[in-house]
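Tertiary structure, described
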Amino acid sequence: MPSSRRFFLRNGAFALAGTTALPGFLVRSVLAQAQATAPNRRLVVIFQRGAADGLNIVVPFRERNYYAMRPSIAIPQNQVLDLDGSFGLHPSLAAFKPLYDQGHLAIVHAVGSPDMSRSHFDAQDFMESGTPGNKSTRDGWLNRALQAEDLRRPAQHTAFRAVALSADVPLTLAGQIPAIALNNVNNFAVGGRGPAPSPAASAFAAMYGSSGDRIFHAAGEETFDAVQMLRAANPEQYAPANGADYPKSEFGNSMRQIAQLLTANLGVEAAFSDVTGWDTHQNQGSVNGQLANRLLDFSASIAAFWRDMGDDAEDITLVTMSEFGRTARENGTGGTDHGHANVMFVLGGHIHGGKVYGQWPGLDNDQLNQGRDLALTTDYRQVLGELVSTTLNASNLGLVFPGAQIAPNRFLRLA
Amino acid sequence: MQPFHGTVSALLCLSLLSPSGLVTAQVAAQTPVASSRPAYRSTQLQGDARILHALSRFTFGPRPGDLEVVRSIGLDKWFEQQLHPESIDSSELNRRLAQYPAMQLNTDQLLYQLPSNALIRQAVNGRLSVPTGEPLQAIYENQMDRVSARLQQQRQQNAPLPQQTAAPASGMNAPAMEGQNEASPNANPMNRAGDPASQEMMSGSAQPSPAAPAQPPVDTLLTQDILGLPAEQRVSRLVSMRQPELDTFLKSLKPKERADLVSGLSPQQAELVSALENPEATVVDELIAQRLTRDIESSAQLQEVMTDFWLNHFNIYLRKDEVMPYELVSFERDIVRPLALGKFEDLLEATAHSPAMLLYLDNASSIGPHSIAAERAAFNASRRPANQRQAPEGLNENYARELMELHTLGVNGGYTQADVTQVARILTGWGVAQPQRGGGFEFNPNRHEPGAKKVMGQKFKDHGEAEGRELLHFLATRPATAQFLSRELAIRFVSDDPPQPLIDRMAHTYMTTGGDIAAVLSTLYHSPEFWSASSYHAKVKTPIEYVVSALRASDASVDNLRPVANALRQMGMPLYGCIPPSGYSWKSTDWVSTGSLVDRMNFALALAAGRLPGIFADWAPQPQDDPPPAATQSSDPIVNEEARLEAALIPAGLDPATRTALLQQFHDEIAQRAPGAAVVTANPNANPRRAANVLQREDQLLAGLLIGSPEFQRR
């Protein structure tokens, strides 16, 4: 292909829309995508499952008690990547440093869910539903943010509006707005891949299309809409741009596929991936070791994604979160146990980065939450509320985070 | 794009507006849309529709011939039999289950014979002696080598650290060895699985050791030599091999050779070969295989449906702790299945005492804040320097909360946070003796919170373990519990939004029969709401219902359960793989999604085309089948073929619109793509072998489309 990938895809899609041989739903999608993508920014959400150790990720290296409480796992002052004279990145996050320096990466510290649960299950659910303490919520904050966007500005959307790189739709994206879950972009086909739909796929499309079953008629239509769109976009041709080099890890692969979907111009507004391996109860390591390895993969994958997106990164906002932080003190087995407040990264073209946000509660013994964890000073929903209102135009934050009283005058002004 | 999650009422009306095939036509229905009364008053299912409805709800889906069997027994009598599984012949099922000998063992025996990785680490550290004598010694030593290699690799990665890898995580009562158990909450609930057809591994832990040293090539003569041995000698030869020789050899085998390796082995020998490779994965594989075998094959279908229901109600996550797969064997076999149709209070009591539940919801690590154990711990902590203090252990409310919220009263069951704390205090001391060795329930009075407690206004006097038993009785007999359980059952068996009068009737039965589950189901069975035409096909199949019903409808011979387990994982419903205690949802909105439909269609096509290894469905007409009446025969052979397969797979029939679309596509596109196919079909004598191949491929595609159809997504 002589022209650039993006040029081809954009123009290819419009050229397709002009032909008459296409099924109606594909034409509709392409048109919808033209409307849907133009003014929109895209939000990418990364969930670090297992409770990441925020205190060793963005290190408060001026805190004497940090070193006293973590004799074998603390990151030495001379090893951190100094951000502002008080906080420094774990050395494995070197890929983040230029993004911070360029003002694209913002950090929020001492942030998290106000619920005191130390259960992974509950805390992940609470974080994803956006209603800490309320277990009966069945939909996710990001789905409700898309609903709020629709209230503000109804528009047609493609089947790829909300997409998760996983086997099923995570709670974050679950709800009234249809969301796609896929494990592998290149396997998202019925009856085998190929330039044309398989006979089985055509037959299924016709059967679901004629069915009087409202739920499955619509689900089938969306499915074949998505499958066709993906085939037309031919993401298999995709090669990372700008020399982006993704780690050959599960998370690197997920970020690569999110880039694939975003560059294929499928109308993605919200994308989700999780990244696992943070539950470091034992032997978590310091400058090197278990956590360092996770952070290397984490930061290299995200930095590769950012590089890959090139100019398109202007309209992308990426946010990371984890269900809770870990104990301020290391435990008897070279690890840390379940704690409370944590750190979030926000990366984006419109982010006022290069700054560590949030009120710092301190790490003296009497400043710790329940005498054991970093205290919480910022509700994570303030961060997300600000992002969804600036990126998705979801201004009805009462719908997105019911009961949380997130208002623009309480924003951190990071976007 | 319209949101596709229509309201339930819209859906119910819809299923009436589009009668599917002959059977629905037997609904004695006036047009319900015109009526303002609830649909179930005026439209009750009749005749075969009743049988198909019952089969779709009280079984994992009808097999060919089931309709006729129930017709001859009589529906009511059949249901009575299902309520009393002990009356149903299970000899054929038991013959199949004999393939999984370890599933008969007690937890401690199981752990001894197929040691967990926690026990293997103890053996590596010299805290557990390795059994002498083959084959146990080989099982232990091979796994110790693998675990040591893994630990060594970790140590190299963590090079600058003080070497603490070998230190115990904490005492034997530690809730989980999470740092070492990579699969714990770190893991995405749904492991990323590839194409179900191509995936071979059933449990994630069956991966070969990542730290295996560089391996010498395997002598092909050696391979042939071993594979050529008679069964007993072949097994002895493997037992005599050690690491890295054994894994090198096993990894070098091609799929065909792999099959040859275990061919002709007795179940015990096959289990041993699997254990030599990975003892823990052997337990997980057998646990999953026996469950799916029962779901697919058991004649006591309602017992299996209810076992599935209660395993979801009392959800346990397989990877919470390394001992969990072992505890789950007993949890399911000794508690859930035998009590699935018994008294709810017995089931509640047994789950509350089970190591699986006590570990999964952390009650085993809960300590009364004023107990003797807590006071001792505080005293010891005060003598340590500040930076070495362990997090103080104390009350854990996890089980207390879920016991009320998920197991008995329901989230709106009228309890407060203060009640949760009180329940947690009552249950302090309920723990597990030597959890990693399968020690069983233990009440530890030193951990029990002293003093009287009060839950929802009810006082519980201070008397040790008996407090907990009184509490469970109290919870099991609350009207809120009767309502909550009745609603859950009605959602499973009737509709996503079941009518309140039905729930009330079931709850009344619950209260008057001392929580008799069979009696509650009987009330459901005898309720007009259940037989309402609006309930017919109202439920969307969950992944397990979909996959198992497909295998049953196909009458497939299933010799390998791994592709089935992989498909469930791919569809987001891995067996024993639900991390949160809430279990999986029974409602359609949680299972109808774009990604999941792609997975279901691909599963249908793979099953029908014989692309799932070890699973075979025969689509050719069987000699014993009655020939179809000539009057119904079409001149178009594809129409006849479709009709034959549709009758077998979807006895309630396709929606005519779906069928027309299917046949249209089949003619237009498929005939074009395979020139000559239609001609051969019409004239099978032209070239018998080629004709047979074409027919077979046509049948496979037709069957795949039927199993993947919108109609087959419902029950």
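The structure contained in this document is the topic of the report that follows. Just so it is clear, the structure is predicted and the values come from calculations on it, not from any experiment. (Residues numbered from 1 in each chain as written. Chains lettered and ligands numbered in written order. Predicted model: local features only at pLDDT ≥ 70, side-chain atom pairs only at ≥ 80, totals over all residues. Heavy atoms only, no water.)

**So, the overall build of chain A**
This is how the line gets drawn: Only DSSP runs of H or I reaching four residues or more are called helices, and only runs of E reaching two or more are called strands; each is numbered from the N terminus. Only heavy atoms matter for contacts: two residues are in contact if any of them lie within 4.5 Å across the pair. Where accessible areas are quoted, they stem from the Shrake-Rupley method and a 1.4 Å probe; at the residue level, only the protein chains shown are allowed to cover.
Each helix and strand in chain A was counted, giving 13 helices and 12 strands. Put simply, of all contacts in chain A between residues at least 6 apart along the chain, 74% involve residues at least 24 apart. For chain A, the exposed surface amounts to about 13500 Å²; the carbon and sulfur share of it is 49%.

**Points about the sheet that holds strand E4 (residues 87–89) of chain A**
Residues and elements named next belong to chain A. Rule in force here: We treat two strands as partners when DSSP finds at least two bridges between them.
On the basis of which strands lie adjacent, the open sheet formed by three strands has the order E2-E4-E3 and antiparallel pairing. The open sheet terminates on both sides in strands that have one partner only, identified here as strand E2 (58–60) and strand E3 (81–82). With two bridges connecting them, E3 and E4 associate as antiparallel partners. Each residue of the ladder has a partner; that of Asp82, found in E4, is Gly88.

**Topic: the pattern of salt bridges**
What counts is decided by this rule: Take a side-chain nitrogen of Lys or Arg and a carboxyl oxygen of Asp or Glu: if they are within 4 Å of each other, that pair is a salt bridge. Only protein chains enter the accessibility calculation, which uses a 1.4 Å probe. A residue is then buried if its area is under 20% of the maximum for its type, exposed if over 50%, and partly exposed in between.
Under the counting rule described, the total for this entry stands at 48 salt bridges over all chains. Here A:Arg161 ties to A:Glu269 by a salt bridge, and the two come within 2.8 Å at their closest N and O atoms. In this pair, A:Arg161 sits in the loop between helix H7 (141–152) and strand E6 (162–164) while A:Glu269 sits in the loop between helix H10 (250–263) and strand E8 (270–275), placing the two residues 108 residues apart along the sequence. Under the relative-accessibility criterion, A:Arg161 is labelled buried at 3%. Here A:Asp213 ties to B:Arg714 by a salt bridge, and the two come within 2.4 Å at their closest N and O atoms. With A:Asp213 in the loop between helix H8 (199–210) and helix H9 (214–233) and B:Arg714 in the segment after helix H35 (688–707), this pair bridges two chains. This pair shows no difference in class: A:Asp213 is buried, exactly as B:Arg714 is.

**Side note on the packing of helix H25 (residues 479–493) of chain B against helix H27 (residues 517–525) of chain B**
All names here are of chain B. For clarity, the cut-off: Inter-axis angles, ranging from 0 to 180 degrees, are taken between N-to-C directions of lines fitted to C-alpha atoms, where helices are fitted over the stretch in contact. Any angle that falls under 35 degrees is termed roughly parallel, while one over 145 is termed roughly antiparallel, one within 65 to 115 roughly perpendicular, and all others oblique. For a crossing to be left-handed, the near helix must be turned anticlockwise from the far one by less than a right angle; the clockwise case is right-handed. Each residue receives one of three labels: charged for Asp, Glu, Lys and Arg, nonpolar for Ala, Val, Leu, Ile, Met, Phe, Trp, Tyr, Cys and Pro, and polar for the others, Gly being one of them.
The interhelical angle for the contact between H25 and H27, taken along N-to-C directions, is 50 degrees, at an axis separation of 11 Å. By the angle between their axes, H25 is oblique relative to H27. Judged by the twist between their axes, the crossing of H25 over H27 is right-handed. Only Val520, Leu521 and Leu524 of H27 make contact with H25, whose side of the interface consists of Ser486, Leu489, Ala490 and Phe493. Considering only residue class, the contact of H25 with H27 consists of six nonpolar, one polar and no charged.

**As for the environment of B:Thr594**
Considering the arrangement of structural elements, one finds B:Thr594 in helix H31 (residues 594–608). In this structure B:Thr594 comes out as buried when scored by relative accessible area, which is 3%.

**Concerning H31(B)**
Residues and elements named next belong to chain B. Quick note on the threshold: To estimate the expected span of a helix, subtract one from its residue number and multiply by 1.5 Å.
Given a rise of 1.5 Å per residue, 15 residues ought to cover 21 Å, and the 22 Å separating the end C-alpha atoms of H31 matches this to within 8%. For H31, the buried fraction is high: 14 of the 15 residues fall into the buried class. After H31 finishes, the residue Gly610 shows a positive phi value of roughly 70 degrees.

**Details of empty space enclosed by the protein**
Residue and element names in this part refer to chain B. Quick reminder of the rule: Using only the protein atoms, space was sampled on a 1 Å grid; points where a 1.4 Å probe fits but cannot get out form cavities, open sets with protein on both sides within 12 Å along at least five of seven lines form pockets, and lining residues are those with an atom within 4 Å of a point. Grid points are joined across faces, edges and corners, and a volume is the space filled by probe spheres set on the points.
In total, this model carries 10 cavities of 30 Å³ or more according to the counting rule given. One number sums up the size of the largest cavity: a volume of about 280 Å³. Lining the largest cavity are 22 residues, with Ser56, Pro62, Lys541, Arg714 and Arg715 sitting closest to its centre. Every element with two or more residues in the lining of the largest cavity is listed here: helix H4 (47–58) and helix H29 (543–554). Counted by class, the lining of the largest cavity contains 10 nonpolar, six polar and six charged residues.

**Thoughts on the environment of B:Met511**
All names here are of chain B. Counting through the fold element by element, Met511 comes out in helix H26 (residues 500–512). Considering only alpha carbons, one finds Met511 and Gln483, 28 residues apart in sequence, at a separation of 9.6 Å. Apart from the residues lying within four places of it in its own chain, the contact partners of Met511 are Thr477, Arg478, Pro479 and Ala482.

**Comments concerning the nonpolar core**
Quick reminder of the rule: Here, the term nonpolar core denotes a set of buried Ala, Val, Leu, Ile, Met, Phe, Trp, Tyr and Cys residues that are joined through side-chain atoms within 4.5 Å.
Of all hydrophobic cores here, the largest spans 254 residues; its most connected members are A:Phe160, A:Phe298, A:Phe305, B:Met306 and B:Trp310. Discounting residues that sit within four places of it in the chain, B:Met306 has contacts with B:Ala340, B:Leu341, B:Leu489, B:Phe493, B:Ile517 and B:Leu521. With 40 residues, the next largest nonpolar core counts A:Val45, A:Ala179, A:Ala270 and A:Phe411 among its residues.

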